[in-house]
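# Examination of the molecular architecture
What follows is each chain in one-letter form.
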Amino acid sequence: TPLVALGFIGMLYGLRHGVRAAFGLDYEHQPWPEVLAYEGLKFSVFYALFAGLQYALRSHQALAAERLRAERLERLAADARLAQLTQQMQPHFLHNALNTIASLVHDDADAADAALLRLSQLLRAATDAARRPLHPLPDELALARSYAGLMQQRFGPARVQLQWDTDAAPAVEVPALSLQPLLENAFVHAVESRSSPTTVRVSARRHADRLLLEVADDGPGP
């Protein structure tokens, strides 16, 4: 900085001398020690202001960049958690669906064929859900209906009745396959555990500023 200050002062006074000499005029000023002290003080003040402004601008840019980075990492972490949840649900889903088809193969070939087609649709939807952790609620309800239909096909309409109260469901995005584990729980702990008829009711509605998804059954247990 002292070298830059000396160069700046020398250039400044050289320019002043040159311009006045071009017009045949002399340029008188204080002795050089006083000039250097005065101009050096002015240069230091302007340099400090300029440096402070640069520091403020760069600090603001750094904070903004860090804020964007933190938000990006938070989104990635949320996506990773949802993707992991989706991957965890798929094995249970596939296991139950294959058990359903296995129970139909020897007794009802047409029903087994229809169940295989439904399973193919569900696996394709589950694969898409793994790549897209969030999707519209109607898509989630369609997946849930397909899964419930597959399980109802396994147990038969005499053992399980499904009720859907989803006409008032709001148009929002939900985590993929978030409703399927609740249905799976109802079939495993209510329908499969007894031979008497079981009613499973699925509802989706707005509750204040939230979405309320509910799966209820009249089977044994809490």
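Here the residue numbering is sequential within each chain, running from 1 through the sequence in written order. This being a predicted model, a pLDDT of at least 70 is required before a residue's local features are given, and a value of 80 or more before pairs of side-chain atoms are given or counted; all residues contribute to the totals for chains, interfaces and linings. With hydrogens and water stripped out, all remaining heavy atoms of the structure feed into the side-chain values.

## Description of the nonpolar core
Put simply, the test is: By nonpolar core we mean a set of buried residues, namely Ala, Val, Leu, Ile, Met, Phe, Trp, Tyr and Cys, connected to one another through side-chain atoms within 4.5 Å. Between buried and exposed lies partly exposed: a residue is buried under 20% and exposed over 50% of the maximum accessible area for its type, with that area taken using a 1.4 Å probe on protein chains only. Under the scheme used here, helices are H or I runs from DSSP no shorter than 4 residues and strands are E runs no shorter than 2 residues, and both carry numbers assigned from the N terminus. Only heavy atoms enter the contact rule, under which two residues are in contact if any of them lie within 4.5 Å.
In this structure, Phe155, Val160, Leu162, Leu183, Phe187, Val191 and Val200 are the most contacted members of the largest nonpolar core, which totals 17 residues. Elements with a minimum of two residues in this core: helix 4 (137–155), strand 2 (160–165), helix 5 (180–191) and strand 4 (198–207). Of the residues forming this core, the biggest block, seven residues, is contributed by helix 4. The contacts of valine 160, once residues within four sequence positions are left out, are Gln152, Phe155, Phe187, Val191, Thr198 and Val200. Counting residues in hydrophobic clusters, the runner-up holds 11 residues, among them Ala97, Ala111, Ala112 and Leu143.

## A few points about the sheet that holds strand 2
As a reminder, the rule being used: Note: two strands are recorded as paired if DSSP finds a minimum of 2 bridges between them. Fitted lines through C-alpha atoms serve as axes, helices being fitted only where they are in contact, and the angles separating the N-to-C directions of these axes extend from 0 to 180 degrees.
Pairing is mixed across the open sheet formed by three strands, whose spatial order is 2-4-5. Of all the strands in the sheet, the pair left with one neighbour each is strand 2 and strand 5 (210–217). Each strand of the sheet is rotated relative to its neighbour by a mean of 10°, with strand direction disregarded. Inspection of the sheet shows strand 4 paired to strand 5 by eight bridges, in the antiparallel sense.

## Here's the deal with the pattern of salt bridges
Any two side chains of opposite charge can pair, so long as their charged atoms come close to each other. The line we're drawing: When a carboxyl oxygen of Asp or Glu is within 4 Å of a side-chain nitrogen of Lys or Arg, the pair counts as a salt bridge.
Enumeration according to the criterion identifies five salt bridges in this entry. Measuring nitrogen to oxygen at the nearest pair gives 3.0 Å for the salt bridge that ties arginine 201 to aspartate 165. Here aspartate 165 lies in strand 2 and arginine 201 lies in strand 4, a separation of 36 residues in the sequence. The exposure class of arginine 201 is partly exposed, given its relative accessible area of 32%. Relative accessible area serves as the criterion here: at 39%, aspartate 165 is assigned to the partly exposed category. For aspartate 218, the salt bridge identified is with arginine 194, shortest N-O distance 3.3 Å. With aspartate 218 in the segment after strand 5 and arginine 194 in the loop between helix 5 and strand 4, the pair connects residues that are 24 residues apart, well separated along the chain.

## A few points about the pairing of strand 4
Here strand 2 pairs with strand 4 via six bridges, running parallel. Bridge assignment links glutamine 163 to a residue of strand 4, and that residue is arginine 201. Hairpin remark: strand 4 followed by strand 5, antiparallel, with two residues in the connecting loop; positive phi at alanine 208, about 60°.

## What about a negative patch on the surface?
This is how the line gets drawn: The residues that make up patches have over 30% relative accessible area and no salt bridge, and they are joined within 9 Å when like-charged or within 5 Å when they are Val, Leu, Ile, Met, Phe, Trp or Tyr. Per-residue accessibility takes into account occlusion by the displayed protein chains alone, with areas from the Shrake-Rupley method and a 1.4 Å probe. Working convention for charge: Lys and Arg count positive, Asp and Glu count negative, and His plus the chain ends are omitted. A charge is said to be at NZ when it belongs to Lys, at CZ for Arg, at CG for Asp and at CD for Glu.
Together, Asp107, Asp108, Asp110 and Asp113 give the surface a local cluster of negative charge. Inspection of the secondary structure assignment puts aspartate 113 in helix 3 (residues 109–131). Here aspartate 113 falls in the partly exposed class, since its relative accessible area comes to 46%.

## Observations concerning the packing of aromatic side chains
Rules: Under the pairing criterion, centres of Phe, Tyr and Trp rings, with the six-membered ring standing for Trp, must be within 6.5 Å; the plane angle then separates stacked pairs below 30 degrees from edge-to-face pairs above 60, leaving the rest tilted.
This structure, assessed with the given rule, holds six aromatic pairs. Between tyrosine 13 and tyrosine 27, the ring centres sit 6.0 Å apart and the planes meet at 45°, which makes this aromatic pair tilted. Of this pair, tyrosine 13 sits in helix 1 (residues 2–22) while tyrosine 27 is found in the loop between helix 1 and helix 2 (32–105), placing the two residues 14 residues apart along the sequence. We classify tyrosine 13 as buried; its relative accessible area is 6%.

## Some remarks on the environment of alanine 115
Here alanine 115 lies in helix 3. In this structure the C-alpha to C-alpha distance between alanine 115 and glutamine 30, which are 85 residues apart in sequence, comes to 101 Å. Aside from chain neighbours lying at most four places away, what touches alanine 115 is Ile101, Leu104, Leu150 and Gln153.

Spatial relationships are all this shows, so hold off on functional conclusions.
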